[in-house]
Structure formats: C-alpha cells, structure tokens
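Results of the structural survey
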Amino acid sequence: MRADCLKVTDVWEDALAGRRSFFFDDSRGAEFSATRGSHVAVAGGSGNSVPTPRAFRANDASIAGDALLALGILLATASQLRLGNLPIGPGELCLVIWLILMLVRELNRLGPPLTPALLRLLLFWTVFAFSLSLGFLTALFIGQQYDPRWVLHDVMAYPLLVAVSCLSVVDPGAKLRLRRVSWLLITFGTASLALQVAAGWKLIDIPLIQPWFWERFRGWSSNPNQLSLLCAVLALISLHLAETATRPSGRIVAIACLILPIYVGRMTESDTFTLALVASGPIFIVLKLRAWLSERRNVIHFAFAWIIALGLPLMLASFTVVAAMDAGSLVKELSKNGGKDLGQESDLRFTLWENAMQLGMDSGMLGLGPGPHLKIPASILRAREDTEDQLENIEHPQQSSAPNFEAHNTFLDLLTQGGMIAVLSFVWILGVSVFIAYKARLAGLAALICGLSIYCMTGLIIRHPLFWFSIALCLVAEGGPQRIAAKEKARGFFS
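What counts, and where the lines are drawn
- Per chain, residue numbering runs from 1 following the sequence as it is written.
- Under the rules for a predicted model, residues below a pLDDT of 70 receive no local features and side-chain atom pairs below 80 are neither given nor counted, while totals for whole chains, interfaces and linings still include all residues.
- For the side-chain quantities, the full set of heavy atoms in the structure was used; hydrogens and water were omitted.
- As used in this record, nonpolar core signifies buried Ala, Val, Leu, Ile, Met, Phe, Trp, Tyr and Cys residues forming a set joined through side-chain atoms within 4.5 Å.
- Between buried and exposed lies partly exposed: a residue is buried under 20% and exposed over 50% of the maximum accessible area for its type, with that area taken using a 1.4 Å probe on protein chains only.
- Starting at the N terminus, helices and strands are each numbered in turn, a helix being any DSSP run of H or I of at least four residues and a strand any DSSP run of E of at least two.
- By definition in these notes, contact holds between two residues if any of their heavy atoms fall within 4.5 Å.
- Paired rings are identified among Phe, Tyr and Trp, the last through its six-membered ring, by centres lying within 6.5 Å, and are further divided according to the angle between planes into stacked (under 30 degrees), edge-to-face (over 60) and tilted (the rest).
- To sit over a ring, a charge needs its Lys NZ or Arg CZ within 6 Å of the ring centre and within 35 degrees of the ring normal.
- Expected helix span is computed as 1.5 Å times (number of residues minus one).
- In protein, a polar contact means a hydrogen-donor-capable atom and an acceptor-capable atom, both N or O and within 3.5 Å, with residues adjacent in sequence counting only if both atoms are side-chain atoms; elsewhere, any N or O pair within 3.5 Å suffices.
- Basic side-chain nitrogens of Lys or Arg form a salt bridge, by our definition, when they fall within 4 Å of a carboxyl oxygen of Asp or Glu.
- Counting rule for disulfides: a pair of cysteine sulfur atoms within 2.5 Å.
- Each residue gets a pLDDT score, which is the predictor's confidence in that residue and runs from 0 to 100.

Of all hydrophobic cores here, the largest spans 108 residues; its most connected members are Trp125, Phe128, Leu185, Ile237, Phe426, Ile462 and Trp468. For this core, the element with the highest residue contribution is helix H14 (residues 410-439), accounting for 12 residues. Residue contacts for Trp125: discarding those within four places in its chain leaves Tyr158, Leu161, Val162, Ser165, Cys166 and Trp468.

With respect to the helices and strands, the residue Ile285 is situated in helix H9 (residues 271-293). Remark: the alpha-carbon pair of Ile285 and Ala443, spanning 158 residues in sequence, is separated by 7.7 Å.

As a further point, take the packing of aromatic side chains. Taken as a whole and judged by the stated rule, the model has 12 aromatic pairs. Summarising the aromatic geometry, the rings of Phe213 and Trp214 are spaced 5.2 Å apart at their centres and angled 80° between planes, so their arrangement reads as edge-to-face. By the burial criterion, Phe213 is buried, and Trp214 matches it. Among the aromatic side chains, those forming a connected cluster through ring pairs are Phe124, Trp125, Phe128, Tyr158, Phe411, Phe426, Phe467 and Trp468. One cation-aromatic arrangement involves Arg149 over Trp150; the distance from NZ or CZ to the ring centre is 4.9 Å.

Right, let's get into helix H7 (residues 224-244). The terminal C-alpha atoms of H7, which comprises 21 residues, lie 30 Å apart, in line with the 30 Å expected from a rise of 1.5 Å per residue. Of all 21 residues that make up H7, 20 are buried, and the element is covered over most of its length. The opening residue of H7, the one whose side-chain oxygen lies 3.0 Å from the backbone nitrogen of Asn225, is Asn223.

The next point concerns the pattern of salt bridges. Summed over the entire model, instances satisfying the criterion amount to seven salt bridges. A salt bridge links Asp154 to Arg463; the shortest N-O distance between them is 3.7 Å. In this pair, Asp154 is assigned in helix H5 (residues 148-168) and Arg463 in the loop between helix H15 (443-456) and helix H16 (465-475), connecting sequence segments 309 residues apart. Notably, a salt bridge pairs Arg463 with Glu406, separated by 3.1 Å at the nearest N-O pair. Of this pair, Arg463 sits in the loop between H15 and H16 while Glu406 sits in the loop between helix H13 (378-386) and H14; the two residues are 57 residues apart in sequence, bridging distant segments of the chain. Each of Asp66, Arg177 and Arg180 takes part in a single network of salt bridges with overlapping partners.

Turning next to the state of the cysteines. Per the stated rule, a full pass over the model turns up zero disulfides. Free cysteine: Cys474, not disulfide-bonded; nearest cysteine sulfur from Cys450 at 9.3 Å. A relative accessible area of 0% places Cys474 in the buried class.

Per-residue confidence for the protein chain gives a mean pLDDT of 77; residues scoring 70 or more make up 68%. A low-confidence stretch, residues 1-25 (pLDDT under 50), is modelled with 75 contacts involving residues beyond four sequence positions or located in other chains. Under a pLDDT of 50 for its full length, residues 29-50 has, in the predicted model, 93 contacts with residues more than four places off or in other chains.

Once that is clear, we can look at helix H4 (residues 116-142). End to end, H4 covers 39 Å across 27 residues, agreeing with the expected 39 Å (1.5 Å per residue, within 8%). Where H4 is buried, its residues contact H5, H14 and H16. Trailing H4 by a residue or two, Gly143 shows a phi angle of about 75°, which is positive.

In structure tokens:
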C-alpha cells in the first residue's frame, strides 16, 4: 500500500514539476567572402512502461541532459567536423540523442502542460507548415523546377527544429533549465573557441580541419559567417547572464566568457557581426537604464542611471560629429578587407534580393515551398572560374537547370518558400520574443534578439538551433530576473 501511494505521488510530482538546425547548413551561398578580390559563394502519453532516463527525470534536474543540448547547439555550426558529405556531425548527433531521450521522458508523464511558451511555438510552427505546404502546391501548379537535394535538406531540417524548439519549453520549469543550458553553452563555447584559435595559430593540429578561409577565420565551420553567428550569440548570452547573475562569481565568469567570442567574431571579419554588436550595445544600455530608473529603492542604480541619462545626449552628439567628419574611414575600419569589395558585394546582394522579391510576386505572395529558389548569379560563376586554388571543406550549389541558390536574407528567403504568411509569422515570433524580454526588463535578451534580427538581413538563420534556443530563452522569460534569482538561490544553482 505504501509503495502504491509513493508511485501515485511521484506521478503527480512529475506532472506538476516536469522539466522539460537542426541540420543547419549555410553552404547554399550563405557566405559572400572577399577572396583575393573575388566573391566566392559558399556557400504526451500517460503510460509508464518505458523507464525514464535519470538525466531527464523532472526531480533530478541532472546536468547530463542539459549538457547534451548545449553541445548539440554549439557543435551544429562545426560543419567541418561532419564525415564526408553527410549532413550529420557531432552537433546533430547530440541533438538527436537529446531529442530521443526527451521524447522517452514525455511518454512517462501524464502529458506536457500547455505553457504560454509552448503555445506560441506551436502556433508559429502550425502557420509556418501551412505556408510551406501552400507554397509547394503553388509551385506544382506553375511548374517550378526543384533541386531535390536542397529541398530534402529543408524537409528534414524543419520537423527536427520543431521538435527541438518545442521540447525545450515543454514544461513549467523550462526557465531554469534553459538558464542552466545557457551557462553550459557559454562555458563550452569559450573552450571550443579557444581550441579553434589555437588551431588557427598552429599551436595544435586538428586533422582534416582548415581553420582559415583565405584571410578570414572560420574555425570548425565551413565558412566564417557560421562562426560569426555563433560568436554573436555566445557574446550576447554572456551579457544576459552577467546582467542577471545573483552572485559576484557568476557575474565574473559571464563577463570572462564575453571576451573571447568578441575577439573571434572580429577574426571572422564578418560585417554582420560588427553591425550586430554595434546595434545591440546601445539597445542594451537604453533598456538597462530604463530598468534602473524604475528601481527607486536601489539608490545607487537610480543615481547612476540618471547620471548616464543626462550625459548620454552629449556623448551621442560628440560621436555624431566625429562620425560625420570621418564616416568613410569608419566604414572601412569596420568592414572586412578594408571595405575594398564593399560596393561589389552590396550590388550582388541587392541583385539577389531584387530577384527574390520578383519571385515572391510571381508566386502570388504564396511562396514555392521548401528549398532555395534563386539561380546562381553570373558574377559568382565567373568568380569561381577565375579562382584557381579553391579551398577544401566547402560545399556550395553547382550550376544546374533547377534553381538552388538563396537570397541571403531570412525574410526574402521565407517569402520565396512560404510567401507573406511565412514572413508575417516569422516577424510575429520575433516581435513576441522582444516584447517578452522588454516586459521582463531583461535587456540582454532583448539585445540578443535585435542582434539576430540583423543577421536575418544577411543570411537564412531560421534553420539554426542557435536561433531557436535564443527564441526559447525569451519566450520563457516572463517573470523577470527577480523570480530567476529567487529560484536559483533556493536550488543552489551557480549564478
């Protein structure tokens, strides 16, 4: 009788306190790189018959499952570590294992509660799937040609991203769990970046890895933009953890983990990385000042915020005058390759964007289904022919009768795939994420989404697990840092 009571109690505890890219490949022309003067395109059940793994039990809160998720998110960008031409590497394997174990755990629960974060993600993915299906039917109707390989790539990637993103927020305790994953992510990320830099400086030798993309650093990724996106997310998540840390030791660790991603991000010479940090910094400062001005009980924060607020107009005026006097030099300093190829690269991007908008209108704003739908620009084909010494570990679309190139813009690529329905649903999930972070007074998370929005303008990042982890962090952030701090102190988490 006592054993039966304990069993029933455990079931209800699991029900009430449960815890909670995929094939990302940016090689379809997602990188425009200055290579010796040329642009090279690089591309819920109720049964208890299955035992729940200890690492995924609600009441154990083991770090093993969180480590799997953190490693999967981190290594998803390490496309050079994949075997041969397979789309699966160590990052994808970690995510698949985590996903399987999480599904096993959910089979042992009474059913996942429909939390607000889970509801929002389910709503987005439902609308998104509808838009892609409608776009595919439109393509069949108008006789659009496809490159089967890249279409299959997206057909495999999107369902796995749905599962990973939804299972990340599936339970009411997802806030603390994702916070633990964030700490692991920046810790593992700093260690991996250190290894990549050591390999780039030839301090260590990693077989089959080419860390340099001509003069640009790419580490374990196939192109520098993949690494720069990872560095931007690691830096802004570190900023968020430093902002909300409840202990000095945690704040010091988070600030320390902020340094290397910024340094490596600059080594990639990614203009988008620089622009994302330059834009995210003022956003973080303004939102942080807003939070401090509302903390009337904290005299130090309140006074410091007023000092900065009063001096900020003068600082901005001085910066504007300096920037206006030497705007050209500033742009060259912040751009890769000294801004020598900035005009040519801009023309190429604008041409692709114009073609994507025209394709969206030709489809009646309904899209053409999953996969890339643009033809490779002639200038890129000429650049490939003129460049004799091509790098290895790079896979990009080859010229064929079917279009297989992307628009280098998340919004326009979604327009070609799912039409305006897909674009509006994507804008909605971004807006909801920023609004929740703003309402919770989490300036770091708001800056993170704003930085990712800038990356959306220069690449298709919706297939990346890093993006959906950032969205999940914002969606579970309701309640603000005060509730996070209280729960961390109660459970003894490192913060």
